[in-house]
Amino acid sequence: MNDYRPLTSEEIEVLKSNDCWAEDWTSVNVAEDFKPNFMHRVMLYGEVNIGAFNKNVEVSQGFVKHAGINNATLRNVTIGDDCLIENVGNFINNYTIGDDCYISNISTMETTEGATYGEGNLVSVLNEVGEGNVILFSDLNSQLAAFMVKHFSDKDLKEKIRQLIKTDIDNKMPERGQIGNNVKIVNTKEITNCIINDFCEVNGASRLSDCTLLGSAHGNVYVGTGVIAENSIIAEGASVINSVKIQDCYVGEACQMLLLTLEGTHLQVLREVAIVGYQSQSRSAEHLLSIVIHCIESLTFLTLHIHGEFAIRRSHGIVVCLGADSTEQQNTTQKTFLLHFICLL
């Protein structure tokens, strides 16, 4: 991100000749080496900061376009260097966008009042009363989630834990939505109140609302076609694709979530899920059924023909789904499966 300067009168004239318009040109600031000839048909409202356009951006394998902004409406937006933003159907409002991003063919990207970005939601895990006992936040891990469930009845301890988490959330809560560096967002209808970290890709999603995508150079997050995600956090290396709908969920590192078919019934809506990751050796389904909260490493949902008494179990609001271990994927007719995922509804 840059220090920004006001537009010169010459730059304003070039922008106007490119069918650009601003509510107030004095509220538009740009990088020192800004080139106005790479902006076309852009409407600017409020305070807008725009970076430099020096590089090409790869939009598809072997196909590059020059960085710039085309066919977009922006309001109260800060944009880093070498981004390509084009074909925004509605508007981008109240967002900070990093460097080297590609945003194309989206409808709306907006931060509204009261945004939580998926942080601080309470979900009920193995709690028949229904009172929330696990708080979803970016630094959640399996040990803390299990601790919150185990000691939920200790009111003093519960309140202290919640206060610590609330303080952590408040300290890092941004004033508006953020898009990190090297992010790709294409063919997506709506992104509202979201933080999307570095190296994430959102391609064809229907709606992301109050979500945080925790991508990084070590593990990008991929959200694919038809996905609807609300009040959720998706950790590094995870992917959510194929019209999955998640609400109030924490998706652990390296998980892969896609539409799961069980005996012809589509399991599409996942609610109040605590999924946190751990590494372990393969264990029997009987043993893993006793584990309350999991961290999942390299989870893959498969379309399975269900066999055996441990294939699926429903009790006390718990749906336990089993997936074949990588060594058994070629023979899903075996009756013993590795338990990958617990969905707590």
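Residues numbered from 1 in each chain as written. Predicted model: local features only at pLDDT ≥ 70, side-chain atom pairs only at ≥ 80, totals over all residues. Heavy atoms only, no water.

Caption draft 1: Highlighting the overall build of the chain. Secondary structure summary: the chain contains four helices and 26 strands in total. Contacts in the chain between residues at least 24 apart in sequence constitute 40% of all its contacts with a sequence separation of at least 6. When the accessible surface of the chain is summed, it comes to about 16000 Å², and 46% of that surface belongs to carbon and sulfur atoms. (Helix = DSSP H or I, 4+ residues; strand = E, 2+ residues; numbered from the N terminus. Contact = heavy atoms within 4.5 Å. Areas by Shrake-Rupley, 256 points an atom, 1.4 Å probe, with all protein chains shown as cover.)

Caption draft 2: Expanded view of the packing of helix H2 (residues 142-150) against helix H3 (residues 155-172). Across the interface, H2 lies against H3 with an axial gap of 10 Å and an inter-helix angle of 145 degrees. As H2 packs across H3, the resulting crossing turns out to be left-handed. In contact with Leu144, Phe147 and Met148 of H2, H3 contributes Leu157, Ile161 and Ile165. In terms of residue class, the contact of H2 with H3 is made up of six nonpolar, no polar and no charged. (Axes fitted to C-alpha atoms, helices over the stretch in contact; angles between N-to-C directions. Left-handed = near helix turned anticlockwise from the far one by under 90°. Nonpolar A, V, L, I, M, F, W, Y, C, P; charged D, E, K, R; others polar.)

Caption draft 3: Fine view of the pattern of salt bridges. By the definition in use, this model includes eight salt bridges. Here glutamate 32 makes a salt bridge to arginine 5, at a shortest N to O gap of 3.9 Å. Of the two residues, glutamate 32 is situated in the loop between strand S3 (28-30) and strand S4 (39-50) and arginine 5 in strand S1 (residues 5-6); the sequence distance between them amounts to 27 residues. You can call glutamate 32 exposed: its relative accessible area is 61%. Arginine 207 serves as the salt-bridge partner of glutamate 230, at 2.4 Å between the closest nitrogen and oxygen. You can see glutamate 230 sitting in strand S17 (residues 228-234) and its partner arginine 207 sitting in strand S15 (residues 207-213), a full 23 residues away along the chain. The partly exposed category is assigned to arginine 207, whose relative accessible area is 26%. (Salt bridge = Lys/Arg side-chain N within 4 Å of Asp/Glu carboxyl O. Buried < 20%, exposed > 50% of the residue type's maximum accessible area, 1.4 Å probe, protein only.)

Caption draft 4: Layout of the pairing of strand S8 (residues 84-97). Where strand S7 (residues 68-79) lies against S8, eight bridges are found, and the strand directions are parallel. Along S8, the bridge assignment pairs valine 77 with tyrosine 95. Where S8 meets strand S9 (residues 102-110), seven bridges bridge the pair, whose relative direction is parallel. In the sheet register, glutamate 86 faces S9, and the bridge partner there is serine 104. (Pairing = 2+ DSSP bridges.)

Caption draft 5: Quick peek at the state of the cysteines. Going through the model one piece at a time under the given rule, you end up with zero disulfides. Considering cysteine sulfurs only, cysteine 101 is the nearest to cysteine 83, which forms no disulfide, with 4.4 Å between them. Judged by relative accessible area, cysteine 83 falls into the buried class, the value being 0%. We note that cysteine 194 lacks a disulfide partner, and the nearest cysteine sulfur, in cysteine 211, lies 4.8 Å from it. (Disulfide = S-S within 2.5 Å.)

Caption draft 6: Region of the structure containing the nonpolar core. Formed by 61 residues in total, the largest nonpolar core has its most connected members in Met39, Ile69, Ile185 and Ile196. Not counting chain neighbours up to four residues away, the residues in contact with isoleucine 69 comprise Phe38, Met39, His40, Val42, Ile50, Phe53, Leu74, Ile79 and Ile85. Membership of the second largest hydrophobic core comes to 17 residues, among which are Ala145, Ile165, Ile169 and Ala235. (Core = buried A, V, L, I, M, F, W, Y, C linked by side-chain atoms within 4.5 Å.)

Caption draft 7: Looking closely at the side chain of asparagine 29. Note on placement: asparagine 29 falls in strand S3. On the accessibility criterion, asparagine 29 (17% relative accessible area) is buried. For asparagine 29, the contacting residues outside a window of four places in its chain are Tyr4, Arg5, Pro6, Val48, Asn49 and Ile50.

Caption draft 8: Here's a closer look at empty space enclosed by the protein. Overall, the coordinates contain two cavities of 30 Å³ or more when judged by the stated rule. Estimates place the volume of the largest cavity at around 60 Å³. If you trace the largest cavity, you find it lined by Asn133, Phe147, Met148, His151, Phe152, Lys158, Ile161 and Arg162. Breaking the lining of the largest cavity down by element, the ones donating at least two residues are H2 and H3. At three residues, the largest contribution of residues to the lining of the largest cavity is made by H3. (1 Å grid on protein atoms, 1.4 Å probe; cavity = no way out; pocket = protein on both sides within 12 Å on 5 of 7 lines; lining within 4 Å. Points joined across faces, edges and corners; volume = space filled by probe spheres on them.)

Caption draft 9: Expanded view of H3. When the terminal C-alpha atoms of H3 are compared, their 26 Å separation across 18 residues agrees well with the 26 Å that a helix rising 1.5 Å per residue should span. Of all the positions in H3, only Lys158, Ile161, Arg162, Ile165 and Ile169 are classed as buried. Summarising the axial view, the buried residues of H3 lie within an arc of 95 degrees, below the 170-degree limit, and thus occupy one face. For H3, the exposed residues lying more than 90 degrees away from the buried face are Asp156, Lys160, Leu164 and Asn171. Residues of H3 that are buried make contact with strand S10 (121-123), strand S11 (134-136) and H2. (Expected span 1.5 Å × (residues − 1). Arc of directions from axis to C-beta.)

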